[in-house]
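# Survey of secondary and tertiary structure
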Amino acid sequence: MERFTTHTGIGVPLRRSNVDTDQIIPAVYLKRVTRTGFEDGLFAAWRKDDTFVLNNPAYAAGSVLVAGPDFGTGSSREHAVWALMNYGFRVVISSRFADIFRGNSGKQGLLTARPSQDDVELLWKYLENEPGASITVDLESRTIVAGDIVAPFEVDDYTRWRLLEGLDDISLTLRNEADITAFEATRPAYKPVVASS
Amino acid sequence: MSGTLAEKVWESHVVRRAEGEPDLLYIDLHLLHEVTSPQAFDGLRLAGRPLRRPDLTLATEDHNVPTTPGPILDVVSRTQVETLRRNCEEFGVRIFPMGDAEQGIVHVVGPQRGLTQPGMTIVCGDSHTSTHGAFGALAFGIGTSEVEHVMATQTLPLKPFRTMAITIEGELQPGVTAKDVILAVIAKIGTGGGQGYVLEYRGSAIRALSMEARMTICNMSIEAGARAGMIAPDETTFDYLKGRPDAPQGELWDEAVADWSTLRSDDDAVFDEVVDIDASSLTPFVTWGTNPGQGAPLGTSVPDPESFGDENEKAAAQRALEYMGLAAGTPLRDIHVDTVFVGSCTNGRIEDLRAAADIVKGRHVADGVRMLVVPGSARVRLQAEAEGLDRVFTDAGAEWRLAGCSMCLGMNPDQLAPGERSASTSNRNFEGRQGKGGRTHLVSPLVAAATAVRGTLSSPADLDALVEETV
């Protein structure tokens with residue numbers, strides 16, 4: 001997982017609340033055998049609508065999504081995070097996230113930043129008035145900067161630490177690799193191994 | 001220190017324990033199949049990580065494989081199988097592909113090779129991994145992210161579980177099998193009754209069971225919501241393992257048996273929950289609804305939803321009867337079936353096939369009923385053919401197939417048509433699992449075989465009655 005300190009990219013205003021994971025990526029897009037390529041299913045139903053924000057060329061290359069409250073509810077599918085990241089998003093800003101989605105995001109390196117809903121409204125207005133404008137999200141200082149707007153955001157300390165260090169679950173475990181190796185040395189000789197072909 | 005079997009196996013696998021963190025547990029065996037592994041392999045590739053212990057990892061093709069000769073026709077199914085083959089080659093993992101004598105359902109293959117041994121931790125991206133608990137292993141299903149974690153580290157960070165003792169004392173009546181026992185257990189504690197628990201099955205009725213029967217019981221622990229099911233190893237376990245290809249040999253065997261013999265819950269061990277069942281009270285058990293907890297003794301009738309005190313259960317029963325096309329009060333024995341399926345990781349082992357063959361021998365499948373017999377592995381198929389069971393089935397009008405998961409989950413062409421009703425030795429009777437609109441009654445191999453002959457849900461005893469009536 002890449003370290004996340006600060007990110008600057010095009011902000012995408014998504015004026016919707018309760019965006020569930022079936023809307024982020026419908027089940028029909030889950031059959032792939034890779035962890036990449038899920039961007040084709042991202043918001044698939046909404047992207048059929050010409051007026052959807054990502055169909056506006058000014059926002060199409062966005063990497064910071066600014067959404068309404070309760071983002072990521074519903075099915076626990078990890079594909080929702082993969083789809084957002086595969087598309088190019090590094091940050092989702094919302095005043096409230098579903099727990100499982102927030103957990104999945106932290107593990108994959110997608111920052112879920114929680115400013116106040118008032119600040120989300122300010123960001124929406126700014127991004128709608130200035131299509132294609134950039135937003136800077138600084139994880140170090142927990143601050144969002146866009147034009148004249150400076151908005152503090154919440155992120156839990158553990159997730160922030162992991163993102164700053166670039167540590168996913170596997171990296172965290174591998175920090176204790178010496179313990180694993182030491183344990184392996186104590187395994188009884190009778191324990192089976194799979195015969196190579 | 002005194003403890004339960006599950007706690008002992010857990011304690012002997014703790015790689016790292018730190019305040020405020022889940023224990024990091026070592027995994028002795030990681031089993032893979034084509035459905036839940038591709039994104040995990042892809043994750044390794046994206047992060048540039050190796051698979052830590054290919055020698056503790058084994059893959060087999062089972063969920064998607066056709067049970068008739070020939071290639072996989074469905075594109076998605078074929079892609080999953082081909083992807084598994086490529087991944088195994090790239091990461092150095094041993095695979096048993098379609099056509100290999102060692103191929104089969106992942107939970108049949110591990111035990112039959114002797115890879116599944118007492119005291120091990122075993123995981124697989126499949127909920128029926130609990131099967132391996134029959135050997136006194138701590139075995140459970142995991143998600144794709146966890147599959148990747150085990151691939152990269154051979155460990156898993158795990159939150160502690162609670163323990164439940166399910167004690168079954170006494171003798172089972174003739175015609176009552178392990179499947180009837182576990183269906184009765186699930187009906188008693190409910191499909192959520194085991195949530196957060198590791199179940200330990202104990203008591204004289206369990207001790208008297210063969211390894212294959214014990215696997216049937218542990219297999220369905222997940223249907224009670226449990227993480228895992230376990231049975232303490234004993235002479236039956238050791239006798240089963242001795243001489244199998246991946247079991248220890250010579251001095252290592254003696255060392256292993258000495259260690260395995262300590263794997264039992266201490267007399268003063270404390271379980272978080274205790275359930276007692278009288279074995280002699282059990283009779284052949286079948287499901288009437290759309291979850292494995294909606295079951296009843298074969299001699300009873302389809303229950304009236306109004307008879308359930310709990311509002312949720314009442315509503316669930318109502319929905320289930322609508323889906324199953326059943327009227328309350330119908331004797332279960334009067335329910336006609338279109339299809340009988342013998343197979344799956346629950347009841348697809350040689351003993352299950354022998355039991356079913358014994359019933360259909362010299363008889364014929366009822367008119368209008370199709371009977372599918374799908375061995376759990378290629379080895380089981382070869383063994384059955386060596387014993388002539390294939391001919392017993394085909395002479396009776398049943399179809400003899402190649403090994404795989406088959407009609408248990410209908411990822412291959414073995415599916416039910418809308419409205420089609422089956423008696424199945426598998427583990428889940430969920431809406432649509434065996435095909436959109438398909439209706440499934442979970443039963444034992446004995447009941448499956450007798451049902452095939454009579455055409456309605458039946459036990460072998462009903463066939464004897466049939467003979468008496470005719471005479």
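Residues numbered from 1 in each chain as written. Chains lettered and ligands numbered in written order. Predicted model: local features only at pLDDT ≥ 70, side-chain atom pairs only at ≥ 80, totals over all residues. Heavy atoms only, no water.

## Remarks on the pattern of salt bridges
It is possible for side chains of opposite charge to pair when their charged atoms get near one another. Using the criterion set out here, one finds 43 salt bridges over all chains in the structure. A salt bridge links D462 of chain B to R454 of chain B, with the shortest nitrogen-to-oxygen separation between them at 3.9 Å. Look at the salt bridges and you will find they share partners, linking E177 and E184 of chain A together with R52, R53 and D55 of chain B into a network. (Salt bridge = Lys/Arg side-chain N within 4 Å of Asp/Glu carboxyl O.)

## Focus on helix α11 (residues 311-324) of chain B
Residues separated by three or four positions in an α-helix point in the same direction, a consequence of the helix having 3.6 residues per turn. Residue and element names in this part refer to chain B. Look at α11: 20 Å from first C-alpha to last across 14 residues, which is about the 20 Å you get at 1.5 Å a residue. Along α11, the residues classified as buried are K314, A317, A320, L321, Y323 and M324. Along its buried surface, α11 packs onto β18 (421-424) and β19 (439-442). Put simply, D310 is the residue that caps the front of α11, since its side-chain oxygen is 2.9 Å from the backbone nitrogen of N312. (Helix = DSSP H or I, 4+ residues; strand = E, 2+ residues; numbered from the N terminus. Expected span 1.5 Å × (residues − 1). Buried < 20%, exposed > 50% of the residue type's maximum accessible area, 1.4 Å probe, protein only. Contact = heavy atoms within 4.5 Å. Polar contact = N/O pair within 3.5 Å; in protein donor to acceptor, adjacent residues only side chain to side chain.)

## A closer look at the sheet that holds strand β10 (residues 197-202) of chain B
Residue and element names in this part refer to chain B. Spatially, β11-β10-β9-β12 is the arrangement adopted by the 4 strands of the open sheet, whose pairing is parallel. Edge positions in the sheet fall to β11 (228-230) and β12 (273-278), since each has one partner strand and no second. Across this sheet, the average inter-strand angle for adjacent strands is 20°, counted without regard to direction. Across 6 bridges, strand β9 (residues 162-169) lies against β10 in parallel orientation. Bridging across to β10, I166 finds its partner in Y201. (Pairing = 2+ DSSP bridges. Axes fitted to C-alpha atoms, helices over the stretch in contact; angles between N-to-C directions.)

## Some thoughts on the domain arrangement of chain B
Residue and element names in this part refer to chain B. In terms of domains, chain B is made up of domain 1 (5-274) and domain 2 (284-470). Taken over C-alpha atoms, the centre of domain 1 sits 25 Å from the centre of domain 2. Facing 42 residues of domain 1, the contacting portion of domain 2 comprises 44 residues. Across the domain 1/domain 2 interface, buried area totals approximately 3,300 Å², and carbon plus sulfur atoms make up 60% of it. The interface formed by domain 1 and domain 2 contains 2 salt bridges. Across the pair E223 and R428 runs a salt bridge, and its minimum N-O distance is 3.0 Å. Our enumeration of links across domain 1 and domain 2 arrives at 25 residue pairs in polar contact (both at pLDDT 80 or more). Secondary-structure elements contributing two or more residues to the side of domain 1 that touches domain 2 are α3 (75-91), α4 (106-113), α6 (178-189) and α8 (211-219). It is α6 that contributes the most residues to the side of domain 1 that touches domain 2, 6 residues altogether. Looking at the side of domain 1 that touches domain 2 residue by residue, the classes come out as 16 nonpolar, 19 polar and 7 charged. (Domains from an automatic or database assignment. Buried area = accessible area lost by both parts, 1.4 Å probe. Nonpolar A, V, L, I, M, F, W, Y, C, P; charged D, E, K, R; others polar.)

## What about the UniProt feature "binding site: [4Fe-4S] cluster" (unreviewed entry) in chain B?
Residues and elements named next belong to chain B. Under the UniProt annotation, "binding site: [4Fe-4S] cluster" (unreviewed entry) lies at C345, C405 and C408. Over a stretch of 64 residues, the named residues converge on one spot in the fold, their C-alpha atoms separated by at most 8.8 Å. Mapped onto the fold, C405 is located in the loop between β17 (399-400) and β18. On the basis of relative accessible area, C405 is assigned to the buried category, the value being 8%. Ignoring anything within four residues of it in the chain, the contact list for C405 reads D62, H63, I105 and F341. (UniProt positions renumbered as here; feature names shortened; annotations may be inferred.)

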